[in-house]
Amino acid sequence: MNGLALLLGATVIFIAAYIVYGSWLAKKWGVDPSRPTPAYTQKDGIDYLPTKPAVLLGHHFSSIAGAGPIVGPISAAVFGWIPVSLWIIVGSIFFGGVHDYGSMVASIRHKGQSIGQIIESNVGRRAKLLFAIFAWVTLLVVVAAFANIVASTFVANPGAGTASLLFIVLAVGFGYAVYRSGIPLLIGTIFGIIGMAVSFWLGHIFPLALSKEVWLLILLAYVFVASIAPVWILLQPRDYLNSFLLYAMMIAAFLGIIFYQPTMEIAGFVGFDLGGGQWLFPVLFVTVACGAISGFHSLVSSGTSSKQLDNERNAKLIGYGSMLIEGLLAICAIISVAYVAADKLPVLLKQGGPVNAFAQGTATFMTSLGLDFSLSKEFVALTISAFALTTLDTATRLGRFIFQEMIAPTENNKEVKPNSVREALSNRYVATLITIAAAWYMASGSYLTIWPIFGTANQMLAALALLAITAWLKKEGRDTYMITIPMYFMFAVTFTSLGQLIYSNLGKNWLIVGVSALLTVLSLALAVEEFRVFSEDKKETSQAEGLQSQSQE
């Protein structure tokens, strides 16, 4: 099959889904453009700040994309390109898109609060605490893994390290110019893109060669600052400018595929059982991860993006639209390796992993546009590392939010009295430092040690976020089937995967066994707690209806 046909077909399907299904979801959830958003009602200039849709789209897409939609689909290609492509398309439309959009709408209905606080409002503090612990542990794994990956990338590609540091300086200047000096966004964007090109050139000329340990310290120092700084000075402008890197890479890849017209050389379908516990269910669904659905997205949607949304109608573009764009990126990723002969793919993956395979494949397509292969590959590698770094700083900020929510009293748990210890631990500087210190401990070894648990924990987080959205919709008296169907499926996938991880690592890797067991217990406890509340609500409703019927008689 021609890869161009797959790309164009997926594009048409995603556009149709955005117009039809996205609008239907907005109607079912009561999205109201006239309702003030938390960015206005809770505005503080640090976390809550009304943001132009184009800027917020850049921040949100940069935060959720990262390397996930590239690494996941390519790693899952061992099952064949057909099941991977089908899951990307179906998952992005009916699972990931609904999950991301629903998380954002639920959050703006709760003053921009996170998924954990939404659970507290609709289920109870005990359920919120269980979810917060689960989410925080998952974010520690995310920060540790991505810090390790980014540091390793900078060691292997020193020019990318130089350019990334220059991007940070450029982002601060952009943020000050646009938000404080009043320079129009268009003018600032033009100069920002020129500055990025100059940074890329300087990185190519002056590569910064440092050890992995030094890069880890630099990265963790950066994310500490990025997590506590106002969003307008670094987070928003950096993600906004970085989004142009990804847009440029996607456009180049899209056009490259059109002109190169690669043929899908790897097998369409390999089998349900590849041996060694590699079953299509649940391994494929966990491995594709961000290419179809990701629990991390719910934390971004409810943790940062909902606090910056200027109008409810833009939640469809930011929440649902970003997931569909990410699905398209995942399709490009599978095409980038599917053109390679089946016997060459394992060799390519061993030489540098999925990122290297994607960079080489995409650069090959870009040569059909007259671009140099080596520079194209360097550009693709820089783009991927830039977004891995974006995921890293966003995950750190979210980890800080969740840690503070676990410790500090809120309006929903007045029985928890403030004291000096709680006030100290919930301080944003202390909360950030604790989060980074725990992640640094995990990151000090190889990311391969903790990576096996990442995919499963991430997908379980998605199932729990869908459970939280269901609780809110039930209290609102709205339909929930568009949420519960993907929720039950993701629970089946992730509990099966956790069981596999525990069984296959007994006596081999006790870190994975311990974390998997902890996540299993937390997930079961939270699910039981929420279903108990559902049952009580249903019972109360039935009793109320019975009393009403008796009074009418």
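Residues numbered from 1 in each chain as written. Predicted model: local features only at pLDDT ≥ 70, side-chain atom pairs only at ≥ 80, totals over all residues. Heavy atoms only, no water.

Asker: I keep staring at empty space enclosed by the protein and nothing clicks. Help me out?
Answerer: Here the idea is plain: a probe the size of a water molecule rolls over the atoms and shows the empty space left. Applying the stated criterion across every chain yields a total of 4 cavities of 30 Å³ or more. For the largest cavity, the calculated volume is near 80 Å³. Contributing to the lining of the largest cavity are S63, I64, A65, G68, V142, F146, C290, S294, F296, T391, F454 and N458. Contributions of two or more residues to the lining of the largest cavity are made by α3 (53–65), α7 (125–156) and α19 (451–476). In terms of residue count, α3 provides more of the lining of the largest cavity than any other element does, 3 residues in total. In terms of residue class, the lining of the largest cavity is made up of 7 nonpolar, 5 polar and no charged. (1 Å grid on protein atoms, 1.4 Å probe; cavity = no way out; pocket = protein on both sides within 12 Å on 5 of 7 lines; lining within 4 Å. Points joined across faces, edges and corners; volume = space filled by probe spheres on them. Helix = DSSP H or I, 4+ residues; strand = E, 2+ residues; numbered from the N terminus. Nonpolar A, V, L, I, M, F, W, Y, C, P; charged D, E, K, R; others polar.)

Asker: Before we go on, may I ask you to explain the nonpolar core in this structure?
Answerer: Counting residues in hydrophobic clusters, the biggest one holds 178 residues, and the most contacted among them are W29, W87, F131, I335 and F358. Per-element accounting of this core gives the leading share, 19 residues, to α7. (Core = buried A, V, L, I, M, F, W, Y, C linked by side-chain atoms within 4.5 Å. Buried < 20%, exposed > 50% of the residue type's maximum accessible area, 1.4 Å probe, protein only.)

Asker: Help me out: how do you make sense of the pattern of salt bridges in this one?
Answerer: A side chain of one charge can pair with a side chain of the opposite charge if their charged atoms are brought near each other. If you walk through the whole model with that rule in mind, you get 6 salt bridges. Here E312 and R109 are joined by a salt bridge, their closest N and O atoms 2.4 Å apart. On the criterion of sequence distance, the pair formed by E312 in the loop between α13 (295–303) and α14 (314–338) and R109 in the loop between α5 (81–108) and α6 (115–122) is long-range, its members being 203 residues apart. You can call E312 buried: its relative accessible area is 1%. A salt bridge links D393 to R238; the shortest N-O distance between them is 3.7 Å. Here the residue D393 occupies a position in helix α16 (residues 373–407), and R238 occupies one in helix α11 (residues 235–260), the gap between them amounting to 155 residues. Here the two residues D393 and R238 agree in accessibility, since each one is buried. Put simply, R35, R109 and E312 are held in one network by salt bridges that share partners. (Salt bridge = Lys/Arg side-chain N within 4 Å of Asp/Glu carboxyl O.)

Asker: Looking at this structure, I do not really get a nonpolar patch on the surface. What am I missing?
Answerer: Together, I183, L186, I187, I190, F191, I194, V198, W201, I205 and F206 line one region of the surface with nonpolar side chains, adding up to about 1,000 Å² of accessible area. With respect to the helices, strands and loops of the structure, L186 is situated in helix α9 (residues 185–205). (Patch = residues over 30% accessible without salt bridge, like charges linked within 9 Å, V, L, I, M, F, W, Y side chains within 5 Å. Areas by Shrake-Rupley, 256 points an atom, 1.4 Å probe, with all protein chains shown as cover.)

Asker: What is the right way to read the environment of N458 from this model?
Answerer: For N458, the position within the fold is in helix α19. Judged by relative accessible area, which is 1%, N458 ranks as buried. Here the alpha-carbon distance between N458 and H297, two residues 161 residues apart in the chain, equals 9.3 Å. Here N458 is in contact with T138, A289, C290, S294, G295 and F296, once residues within four sequence places are set aside. (Contact = heavy atoms within 4.5 Å.)

Asker: Sorry, what's going on with the packing of α7 against helix α8 (residues 158–179) here?
Answerer: Relative placement of two packed helices is described by the angle separating their axes and the distance separating the axes. For the pair α7 and α8, the least separation of the axes is 4 Å and the interaxial angle reads 115 degrees. Taking contact as the criterion, the partners of F154, V155 and A156 in α7 are, on α8, P158, A160, G161 and S164. (Axes fitted to C-alpha atoms, helices over the stretch in contact; angles between N-to-C directions.)

Asker: Just to check I follow, could you spell out unusual backbone geometry for this structure?
Answerer: The general pattern is negative phi for most residues beyond glycine and trans for most peptide bonds. P282 follows F281 through a cis peptide bond whose omega is 15 degrees. Tracing the chain through its elements places P282 in helix α12 (residues 280–288). Not every positive phi belongs to a glycine, and K111 is a case in point at roughly 60 degrees. Here K111 lies in the loop between α5 and α6. For A289, which is not glycine, the phi torsion reads 50 degrees and is therefore positive. Structurally, A289 is set in the loop between α12 and α13. Its relative accessible area of 6% is what places A289 among the buried residues.

Asker: What should I look at first to understand helix α4 (residues 68–76) in this one?
Answerer: Among the 9 residues of α4, 8 are classified as buried, and the element is accordingly described as predominantly covered. Buried within α4 are the following residues: G68, P69, I70, V71, G72, P73, I74 and A76.

Asker: Help me understand the packing of α3 against α13 in this model?
Answerer: Two elements in contact, α3 and α13, have axes separated by 9 Å at closest approach and are oriented at 155 degrees. By the angle class used here, α3 and α13 are roughly antiparallel. In this structure, the crossing between α3 and α13 has a hand that is right-handed. Residue-level inspection shows H60, S63 and I64 of α3 in contact with α13, the latter providing F296, H297, V300 and S301. Each residue belonging to the contact of α3 with α13 can be placed in one class, and the counts come to 3 nonpolar, 4 polar and no charged. (Parallel < 35°, antiparallel > 145°, perpendicular 65-115°, else oblique. Left-handed = near helix turned anticlockwise from the far one by under 90°.)

Asker: How do you make sense of α9 when you look at a structure like this?
Answerer: The α-helix advances 3.6 residues per turn, and as a result positions three or four apart in sequence lie on the same side. For α9, built from 21 residues, the straight-helix expectation of 30 Å at 1.5 Å per residue is met to within 8% by its first-to-last C-alpha distance of 30 Å. All buried positions along α9 are accounted for by L185, G188, T189, G192, G195, M196, S199 and G203. Down the axis of α9, the smallest arc covering the buried residues is 125 degrees, so these residues share one side. When the buried face of α9 is taken as reference, the exposed residues oriented beyond 90 degrees from it are L186, F191 and W201. Check the buried side of α9 and you find it contacts α3, α8 and α11. (Expected span 1.5 Å × (residues − 1). Arc of directions from axis to C-beta.)

Asker: Is there a simple way to think about the side chain of T456 in this case?
Answerer: Along the chain, T456 turns up in helix α19. The class of T456 is buried, set by a relative accessible area of 2%. When near neighbours in sequence (up to four residues on either side) are disregarded, T456 contacts V286, T494, S497, L498 and L501.

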